[in-house]
Amino acid sequence: MQDNAHIASVFDRDLEGVQASIMKMGGLVETAIADAAKALDRRDTELADAVRKNDKLIDALEETVSADVARIIAKRSPAAGDLRTVLTVLKISANLERIGDYAKNLAKRTSVLSEMPAVEGAGGSIRRMTKNVGLMLKDSLDAYIQRDVDLAEDVRQRDAEVDQMYNALFREFLTHMMEDPRNITACMHLHFIAKNIERMGDHVTSISEQVIYLVTGEMPDDERTKEDRTPYATAPDEA
Amino acid sequence: MSDEIKIAAKGVDVFYGDTHAIKSVDVEIDDKAVTSFIGPSGCGKSTFLRCINRMNDTIDVCRVTGDIRLEGQDIYDKDVDPVQLRARVGMVFQKPNPFPKSIYENVAYGPKIHGLAKDKTELDEIVEKSLRRAAIWDEVKDRLDQPGTGLSGGQQQRLCIGRAIATAPEVLLMDEPCSALDPIATAQVEELIDELRASYTVVIVTHSMQQAARVSQKTAFFHLGELVEYGETDRIFTNPVDSRTESYITGRIG
């Protein structure tokens with residue numbers, strides 16, 4: 001990346017503007033994750049409703065980013081670092097929009113779950129998992145601002161922990177459901193929530209990879225260790 | 001693109017009197033490919049281009065040192081006849097410059113003086129083939145006897161390319177061939193350049209970064225007489241190594 005300015009200063013302002021939109025989106029998504037987790041934890045349906053409503057702001061920002069990027073490409077024919085900037089901005093905004101959707105889904109399920117008896121032990125695990133993903137998102141956005149490849153790589157590696165947490169929850173939910181079929185409805189919702197948080201982690205990982213591409217010009221190609229074994233599980237002890 | 005090197009330059013320096021215009025340039029230009037030279041005005045890209053067919057010989061104060069080889073042969077060797085060299089290494093200039101003669105004569109002139117046709121039939125064939133390759137035959141075939149200067153700018157430039165092709169060169173040097181043309185004529189010339197690379201080694205100097213990105217397989221960035229960076233065009237325009245290259249192609253103050 002370059003510190004020196006473009007000869008056409010409007011180009012600088014355009015690039016700064018679209019990156020500012022990304023940071024604004026990032027802030028809204030961080031809040032959405034934290035609030036969705038809090039609402040679930042405290043059975044706070046009002047806060048859950050607020051998360052669902054605020055997702056519209058995130059969606060609107062994604063559209064702004066797409067339109068701005070299209071305009072920059074059409075008018076400026078960006079090359080090299082500028083090109084990577086607009087490409088990564090576009091992908092990161094799509095990742096953030098998806099994470100926002102998952103947070104919204106969490107909030108939706110909160111209103112159902114708040115009507116049911118709590119599933120023992122699940123609250124704490126989901127809280128920890130959400131906190132992890134929230135921190136990863138914060139770090140990936142910091143890595144973006146600082147153009148920090150090491151931090152981005154660190155975030156990428158941390159996704160394995162989230163996968164492990166999801167595996168553990170998957171086993172727990174299976175156990176609860178087998179013990180008492182009355183747990184099935186709640187556990188199904190909780191399982192979707194856990195899965196959605198795990199997916200958030202994947203999108204955060206993708207943001208980190210975009211940071212690495214932005215700085216180095218290359219996508220990281222070494223395989224990360226995948227810790228999600230649930231696709232092959234038929235019983236709690238296999239996951 | 002073949003993998004062969006058509007032109008190899010090593011340690012080339014050019015001086016205009018006391019001015020050191022090209023500083024120790026090494027470059028290998030691929031056969032049957034388009035190579036573009038980019039860089040700010042005065043960076044030496046045109047000067048270097050002109051070394052490849054010894055156009056600088058015509059400038060008294062200009063001195064070229066170092067080694068430039070065309071298929072292994074030193075083009076500055078005293079046994080090399082610059083006129084013969086220029087038949088092998090053709091040139092197209094910034095402003096279309098047809099001779100003040102008919103369209104036919106513009107193209108036929110080179111083959112005639114180089115004795116490439118033994119009779120009128122053969123000469124007719126060369127003219128038609130050259131104008132077809134220059135993608136202008138259909139537009140001029142019914143008015144070959146009319147002056148070349150009467151054509152539009154874009155047609156004149158394609159006529160000049162046809163004229164350059166007529167002597168059956170191996171290399172085509174183009175110095176800003178589209179800078180005097182409108183976008184449509186530019187697109188036609190660019191399309192033509194892409195077709196020409198099947199048969200020729202093309203080296204193009206251009207101020208349009210997008211043109212370099214569009215037409216060439218390799219790009220060389222010159223700055224203050226130095227060859228700063230040279231490589232695959234795709235890489236240069238997505239991930240240049242040198243910060244000076246990045247500054248230039250992204251339109252920054254270097």
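All values reported here derive from a predicted model rather than from experimental measurement.

Basis of the calculations
Residues numbered from 1 in each chain as written. Chains lettered and ligands numbered in written order. Predicted model: local features only at pLDDT ≥ 70, side-chain atom pairs only at ≥ 80, totals over all residues. Heavy atoms only, no water. Helix = DSSP H or I, 4+ residues; strand = E, 2+ residues; numbered from the N terminus. Rg over C-alpha atoms; globule rule 2.2 N^0.38 Å. Buried < 20%, exposed > 50% of the residue type's maximum accessible area, 1.4 Å probe, protein only. Lys, Arg positive; Asp, Glu negative; His and termini not counted. Charge placed at Lys NZ, Arg CZ, Asp CG, Glu CD. UniProt positions renumbered as here; feature names shortened; annotations may be inferred. Contact = heavy atoms within 4.5 Å. Buried area = accessible area lost by both parts, 1.4 Å probe. Salt bridge = Lys/Arg side-chain N within 4 Å of Asp/Glu carboxyl O. Polar contact = N/O pair within 3.5 Å; in protein donor to acceptor, adjacent residues only side chain to side chain. Pairing = 2+ DSSP bridges. Right-handed = clockwise from strand over helix to strand, strands pointing away. Axes fitted to C-alpha atoms, helices over the stretch in contact; angles between N-to-C directions. Parallel < 35°, antiparallel > 145°, perpendicular 65-115°, else oblique. Left-handed = near helix turned anticlockwise from the far one by under 90°. Nonpolar A, V, L, I, M, F, W, Y, C, P; charged D, E, K, R; others polar.

Student: Just give me the short version of the overall build of chain A, but keep the residues and values in it.
Tutor: The helix and strand inventory of chain A stands at 6 helices and 0 strands. Taken from N to C terminus, the helices and strands of chain A fall in the order α-α-α-α-α-α. Radius of gyration (C-alpha) of chain A: 20 Å, near the 18 Å computed for a compact globule of 239 residues. By its C-alpha atoms, chain A is 70 × 40 × 25 Å across when sized along the principal axes. Here chain A holds 239 residues, and 50% of them are scored as buried. Distance from the positive charge centre (31 side chains) to the negative charge centre (43 side chains) of chain A: 4 Å.

Student: So what's going on with the environment of Arg42(A)? Residues and values would help.
Tutor: All names here are of chain A. Position of Arg42 among the secondary structure elements: in helix H1 (residues 9–42). Accessibility expressed as a relative area gives 59% for Arg42, which makes it exposed. Between the alpha carbons of Arg42 and Thr110 there is a distance of 9.6 Å; along the sequence they are 68 residues apart.

Student: Residues and numbers for the UniProt feature "domain: PhoU" (unreviewed entry) in chain A, please.
Tutor: All names here are of chain A. Here the UniProt feature "domain: PhoU" (unreviewed entry) sits at residues 22–110 and 126–211. Measuring from the first to the last C-alpha atom of residues 22–110 gives 28 Å, for a span that is 94% helix and 0% strand. Between the end C-alpha atoms of residues 126–211 the distance is 28 Å, and the span holds 93% helix and 0% strand.

Student: Describe the interface of chain A and chain B, and please don't skip the residues or the numbers.
Tutor: Listed by partner, the interface residues are 16 residues for chain A and 14 residues for chain B. Where chain A abuts chain B, roughly 1,300 Å² becomes buried across the two surfaces, and 45% of that area is made up of carbon and sulfur atoms. Our enumeration of links across chain A and chain B arrives at 1 salt bridge. The salt bridge involving Arg252(B) is made with Asp82(A); its shortest N-O contact spans 3.0 Å. Our count for the contact surface shared by chain A and chain B stands at 11 residue pairs in polar contact (both at pLDDT 80 or more). With 5 residues, helix H3 (residues 80–113) of chain A is the single largest residue contributor to the side of chain A that touches chain B.

Student: Before we move on, could you go through unusual backbone geometry and cite the residues and values that matter?
Tutor: One non-glycine residue, Arg147(A), lies in the positive phi region at around 55°. Relative to the elements of secondary structure, Arg147(A) occurs in the loop between helix H4 (122–146) and helix H5 (149–179). In the Ramachandran plot, Arg54(B) falls in the positive-phi region, its phi being about 60° despite a non-glycine side chain. Tracing the backbone through its elements, the reader meets Arg54(B) in the loop between helix H1 (45–51) and strand E4 (62–70). A residue is classified by how much of its surface remains accessible, and Arg54(B), at 11% relative accessible area, is buried.

Student: Report on the pairing of strand E7 (residues 171–175) of chain B, specifying residues and quantitative values.
Tutor: Residues and elements named next belong to chain B. Of all 5 residues that make up E7, 5 are buried, and the element is covered over most of its length. Here E7 shows no split at all, with Val171, Leu173 and Asp175 on one side and Leu172 and Met174 on the other all buried. Bridge analysis of strand E6 (residues 89–92) against E7 gives 4 bridges, and the strand direction is parallel. Across the sheet, the residue bridging to Val89 is Val171, located in E7. Following the chain from E7 across helix H7 (residues 183–196) to the adjacent parallel strand E8 (residues 201–205), one finds a crossover that is right-handed.

Student: For the packing of H4(A) against helix H6 (residues 184–216) of chain A, give the residues involved together with the corresponding values.
Tutor: Residues and elements named next belong to chain A. Where H4 meets H6, the closest approach of the two axes is 9 Å, and the angle between their N-to-C directions is 15°. In terms of orientation, H4 lies roughly parallel with respect to H6. As for the relative orientation of H4 and H6, their crossing is left-handed in sense. Looking at side-chain class alone, the contact of H4 with H6 contains 17 nonpolar, 5 polar and 1 charged residues.

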